[in-house]
Amino acid sequence: MHAVESVVQSAAHEMGFRHYAMIHHDDHRTGSPGLINMNNYPPAYAAEYFGRLYHRDDPVIHACIARDTCFTWCQMAEFMELSPRHRAFLERGEYHGISNGITVPAFVLGERSGSCNFCSPRVPGCVRRHIADAHTIGGFAFQKARHIMNGGRLRQVRAGRLMPRWRECVVLAGQGKSNTDIATILGLKPATIKFYIELACARYEVHNRTQLVLAAVLDGEIGIHEIAPRQYGYLAV
């Protein structure tokens, strides 16, 4: 793993970026086995980001769900709506010197999602020039790190966090269905659906349906193709 991080660190330097982060989009506070977290973010920002679970509100991570290929942070507004909360998050990062990056999404259905990020360029205007390099290096590095963390297995098999009925409710909620709609589809009472959604929220320690769907996708519990089948149906193949 040290060799993998050395490659990422060297690549960031050669491309002219001050910072890098190759991480799983998950709770890193407990040090769960199998989690990848390599970064050279400023210590104060890293402590705040991981300690307060900022990945749940990070627009860069939200953008990973909307894209299946490398993107620059300045492109995010082209394929997702940046809310005032997103913009405040980006401003907080800029305050700590984290800005203007390239992100390589890393998705394997059934596993936690992740990404490799290079940011804070030393030379303005160099970001777009290195998209292909970042895509190749970031994708390879994350794949190699996963391989090492999984003990040589290509896929980490683990038990799901959601009960089958809870999962069905989360998928349908992700498709924009109301509790009444979900109840009709599943042949249950709206009160039962509300209860299942609340249990799923408690399991992920989130406070609303949007956060719940996001957490389940990032965790690999549900696939993006399930909540947006027209756009991402090919991911199920």
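Above this note sits the structure.
In this text the structure is predicted, and so the values were computed from the model without any measurement. (Residues numbered from 1 in each chain as written. Predicted model: local features only at pLDDT ≥ 70, side-chain atom pairs only at ≥ 80, totals over all residues. Heavy atoms only, no water.)

(A) The arrangement of the packing of aromatic side chains in detail. One pass over the structure, following the stated rule, counts nine aromatic pairs. Their ring planes at 70° and their centres at 5.6 Å tell us that Tyr41 and Tyr45 sit as a pair that is edge-to-face. Note on accessibility: Tyr41 and Tyr45 belong to one class, buried. Aromatic side chains Phe71 and Phe79 sit 5.6 Å apart centroid to centroid with 75° between the ring planes, which places their arrangement in the edge-to-face category. An aromatic cluster of at least three residues, connected via ring pairs, comprises Tyr41, Tyr45, Tyr49, Phe50, Tyr54 and Phe89. Above the ring of Tyr54, the side-chain terminus of Arg92 is found at 4.8 Å from the ring centroid. (Phe/Tyr/Trp six-rings, centres within 6.5 Å; stacked < 30°, edge-to-face > 60°. Buried < 20%, exposed > 50% of the residue type's maximum accessible area, 1.4 Å probe, protein only. Lys NZ or Arg CZ within 6 Å of the ring centre and 35° of its normal.)

(B) Expanded view of the pairing of strand β5 (residues 114–121). Within β5, eight of the eight residues are buried, which leaves it mostly tucked inside the rest of the structure. Pairing of strand β1 (residues 17–24) with β5 involves seven bridges; the strand directions are antiparallel. Counterpart to Ala21 in the pairing with β5 is Asn117. (Helix = DSSP H or I, 4+ residues; strand = E, 2+ residues; numbered from the N terminus. Pairing = 2+ DSSP bridges.)

(C) Spatial organisation of the packing of helix α2 (residues 43–51) against helix α5 (residues 84–95). Two numbers describe how α2 lies on α5: the axes approach to 10 Å, and their chain directions differ by 150°. Relative to α5, the element α2 lies roughly antiparallel. Where α2 abuts α5, its residues Tyr45, Glu48 and Tyr49 lie against Phe89, Arg92 and Gly93. In terms of residue class, the contact of α2 with α5 is made up of three nonpolar, one polar and two charged. (Axes fitted to C-alpha atoms, helices over the stretch in contact; angles between N-to-C directions. Parallel < 35°, antiparallel > 145°, perpendicular 65-115°, else oblique. Contact = heavy atoms within 4.5 Å. Nonpolar A, V, L, I, M, F, W, Y, C, P; charged D, E, K, R; others polar.)

(D) Geometry of the side chain of His24. Within the element layout of this structure, His24 appears in strand β1. For His24, the residues in contact, after removing those within four places along its chain, are Gly34, Leu35, Ile36, Arg112, Ser113, Gly114 and Phe142.

(E) Local environment of the nonpolar core. Formed by 48 residues in total, the largest nonpolar core has its most connected members in Tyr49, Met76, Val170 and Leu212. Broken down by element, this core gets its largest block of residues, seven residues, from helix α10 (residues 209–218). Ignoring any residue separated from it by four or fewer positions in sequence, one finds Tyr49 in contact with Ile23, Tyr54, His55, Asp58, Ile61 and Phe89. Counting residues in hydrophobic clusters, the runner-up holds 21 residues, among them Phe17, Ile102, Cys116 and Phe142. (Core = buried A, V, L, I, M, F, W, Y, C linked by side-chain atoms within 4.5 Å.)

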